[in-house]
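Close look at the chain arrangement
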Amino acid sequence: MSTFKTIDASITPIGSLEVLSQIEVSKLKQAGENGLYELFRRCVLAILNTGSDSDNAKTILQNFPDFKIDIVQQDRGIRLNLFNAPADAFVDGEMITSTREMVFAALRDIVWTESEREHQLGENASSSDITDYVFHFLRNAKMLLPGEEPRLVVCWGGHSINKIEYEYTKDVGHELGLRGLDICTGCGPGAMKGPMKGATISHAKQRILNARYIGLTEPGIITAEAPNPIVNDLAILPDIEKRLEAFVRLGHGIIIFPGGPGTAEELLYILGILLHPDNKEIPFPLILTGPPESADYFKQLHEFIAQTLGYEAQQRYKIIVDDPAAAAREMATGMHLVNEYRIKTADAYHFNWKLHIEPIFQEPFEATHENMAKLKLHRDTPVHLLAADLRRAFSGIVAGNVKEQGINLIEEKGPFEIHGDTSILGPLDSLLEAFVEQKRMKLPGSAYIPCYKVIK
């Protein structure tokens, strides 16, 4: 039995008012047949667990083993009866409004994903099919706002950064908000919360009433990184690759704060896309920034990019240390260039259709021992494809660190093995060792046991 304080409650939709058919409700309730109920249960448990210090999906599930959801279809819509839910999600017996919104956003997205899986998006889907799926997913989540000029800044960075780095993300968010820019993050804690928190104050100062704080996540991540309560638009994409594509299609520029393997994965993803010849002329502001204490982190990352992807890749981003205002000004300038380009090419403001994304960036990567060992980390690989497999290497490390399936695989079979050319594996190993030394692999204070081996 759980030793954590729990509560039983009954809630109705807010934010995402979904009317489900009897068939959809039936599928969600068939726990043992299609896995939808268990997926929904885990996502909701993560949302209710907002504020927890745990970044381990398995631990969160073990803390509330008796949590259950009864999905009730009524003439007026859907009601969710929750049993043994985390009590911290409630105030005087009433669920916190932002939490309630996100619970029904999870319901909306899981139903949509199942519907599209059955009727449209098959295993042999083309690149354009997947992009179209991401578009319709975001449209169904009401995240596409046609006609609004570019102002959405994607912020990436670690969920377990230190206090100095966290305060810096708030300062940058504040500067972005003063310039009327909105925030999109992975919706969790740390660098995903700080920019939103800073921007809420500056948006209030500027009397901006329609500010957007968008959170994009996926089932394997949300259980390890519960959404922060500032998020006012949440979408749970079906896998990490569609989540990453949603970031770059929806956002107009990216700021990257210090982080660990997940942040490196994101940087390699966007660099791999921007390095494709078809994207050479597309403006996409990309800024790496942090406090002076993070200077060495950016130096190591910059050297890693030089040694693996080369000089051209380094030219696609700017590093700004210890200057939140300069980072925000650079992003605002980049937004003007994006605006001009979208007008010139007749591309939509709300969705970056022009950006070419290769299938290797879109195909879901399952972090298994076999797949990790087959990564093509070789010097003769085209640079944008090398970036794709380096991204997959870091994605596997993230899975082994915090995702339940990855954790179970490591416990069963031992660490993942990463093979490739020494000239690539050397810089990779050095960067990973630096992450471990700087405690960027797990929450500060926890001992880190590597889930990988670099085989040189």
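Refer to the structure presented above.
Below you will find a few notes about this structure. Computed from a predicted structure; not experimentally measured.

1. Points about the overall build of the protein
- Of the regular secondary structure elements, the protein holds 18 helices and 14 strands.
- By the compact-globule yardstick of 23 Å for 456 residues, the protein fits well, its C-alpha radius of gyration being 21 Å.
- Every one of the 456 residues in the protein was classed for burial, and the buried ones make up 58%.
- Relative to all contacts within the protein whose residues are 6 or more apart in sequence, the contacts with residues 24 or more apart total 77%.
- Total accessible area on the protein stands at roughly 19000 Å², and carbon and sulfur atoms take up 49% of it.
- The positive charge centre, built from 46 side chains, and the negative charge centre, built from 61, are 3 Å apart in the protein.

2. Describing the packing of helix 7 (residues 163-178) against helix 14 (residues 324-345)
- Contact pair helix 7 / helix 14: the axes reach a minimum separation of 8 Å and the direction vectors enclose 45 degrees. When the interaxial angle is binned, helix 7 and helix 14 end up oblique. Considering only the axes of helix 7 and helix 14, their crossing is right-handed. Side by side, helix 7 and helix 14 meet where Tyr168, Asp171, Val172, Glu175 and Leu176 of the first sit next to Pro324, Ala325, Ala328 and Met331 of the second.

3. Remarks on the environment of glutamine 314
- With respect to the helices, strands and loops of the structure, glutamine 314 is situated in helix 13 (residues 311-314).
- Look at glutamine 314 and you get buried, because its relative accessible area is 12%.
- With sequence-adjacent residues up to four places away left out, glutamine 314 is seen in contact with His302, Ile305 and Ala306.

4. Some words on the side chain of arginine 249
- Mapped onto the elements of the fold, arginine 249 is located in helix 10 (residues 240-250).
- According to the relative accessible area criterion, arginine 249 is buried, its value standing at 3%.
- A polar contact is formed between the side chain of arginine 249 and the side chain of threonine 131, at a distance of 3.1 Å.
- In this structure the side chain of arginine 249 is engaged in a polar contact, spanning 2.7 Å, whose partner is the backbone oxygen of asparagine 352.
- Leave out the neighbours within four places in its chain, and arginine 249 touches Thr131, His350, Phe351, Asn352, Trp353, Leu355 and Ile357.

5. Considerations on helix 11 (residues 261-274)
- Taking 1.5 Å per residue, 14 residues should reach 20 Å; helix 11 reaches 20 Å between its end C-alpha atoms and fits that length.
- Of all the 14 residues making up helix 11, 13 are buried; the element is thus mostly covered by neighbouring parts of the structure.

6. Overview of the side chain of threonine 185
- Inspection of the secondary structure assignment puts threonine 185 in strand 7 (residues 182-185).
- Side-chain polar atoms of threonine 185 contact the backbone nitrogen of cysteine 187, separated by 2.9 Å.
- At a separation of 2.9 Å, a polar atom in the side chain of threonine 185 contacts the main-chain carbonyl oxygen of methionine 192.
- Once residues lying within four places of it in the same chain are set aside, the contact partners of threonine 185 are Cys155, Met192, Met196, Ile214, Gly215, Leu216 and Phe247.

7. Let's talk about the environment of alanine 348
- Along the chain, alanine 348 turns up in the loop between helix 14 and helix 15 (369-373).
- For alanine 348, a relative accessible area of 17% puts it in the buried group.
- It is 8.1 Å that separates the C-alpha atoms of alanine 348 and glycine 147, two residues lying 201 residues apart in sequence.

8. Re the sheet that holds strand 9 (residues 233-236)
- Overall, parallel pairing links the 7 strands, which are arranged 9-8-7-6-10-11-12 in an open sheet. Each end of this open sheet is capped by a strand with a single partner; those strands are strand 9 and strand 12 (318-321). Averaged over all pairs of adjacent strands, the angle between their axes in this sheet comes to 25 degrees, without regard to strand direction.
- Where strand 11 (residues 286-290) meets strand 12, 4 bridges bridge the pair, whose relative direction is parallel.

9. Some words on the nonpolar core
- Judged by nonpolar contacts, the single largest core of 83 residues is most densely connected at Leu216, Leu286 and Leu309.
- Of all the elements, helix 16 (residues 383-402) adds the most residues to this core, at 10 residues.
- Not counting chain neighbours up to four residues away, the residues in contact with leucine 309 comprise Leu268, Leu271, Leu275, Val383, Leu386, Ala387 and Leu390.
- Counting 59 residues, the second largest nonpolar core, distinct from the first, contains Leu48, Ile78, Ala199 and Ile320.

10. Some details on the pairing of strand 7
- Here strand 7 shows no split at all, with Asp182 and Cys184 on one side and Ile183 and Thr185 on the other all buried.
- As paired strands, strand 6 (residues 152-156) and strand 7 are joined by 4 bridges and run parallel to one another. When the bridges of strand 7 are listed, valine 154 appears paired with cysteine 184.
- On the question of chirality, the crossover connecting strand 6 to the parallel strand 7 by way of helix 7 is right-handed.
- In this sheet, strand 8 (residues 213-217) lies alongside strand 7 in parallel orientation, the contact comprising 3 bridges. Across the sheet, the residue bridging to threonine 185 is glycine 215, located in strand 8.

Conventions and cut-offs
- Residues numbered from 1 in each chain as written.
- Predicted model: local features only at pLDDT ≥ 70, side-chain atom pairs only at ≥ 80, totals over all residues.
- Heavy atoms only, no water.
- Helix = DSSP H or I, 4+ residues; strand = E, 2+ residues; numbered from the N terminus.
- Rg over C-alpha atoms; globule rule 2.2 N^0.38 Å.
- Buried < 20%, exposed > 50% of the residue type's maximum accessible area, 1.4 Å probe, protein only.
- Contact = heavy atoms within 4.5 Å.
- Areas by Shrake-Rupley, 256 points an atom, 1.4 Å probe, with all protein chains shown as cover.
- Lys, Arg positive; Asp, Glu negative; His and termini not counted.
- Charge placed at Lys NZ, Arg CZ, Asp CG, Glu CD.
- Axes fitted to C-alpha atoms, helices over the stretch in contact; angles between N-to-C directions.
- Parallel < 35°, antiparallel > 145°, perpendicular 65-115°, else oblique.
- Left-handed = near helix turned anticlockwise from the far one by under 90°.
- Polar contact = N/O pair within 3.5 Å; in protein donor to acceptor, adjacent residues only side chain to side chain.
- Expected span 1.5 Å × (residues − 1).
- Pairing = 2+ DSSP bridges.
- Core = buried A, V, L, I, M, F, W, Y, C linked by side-chain atoms within 4.5 Å.
- Right-handed = clockwise from strand over helix to strand, strands pointing away.

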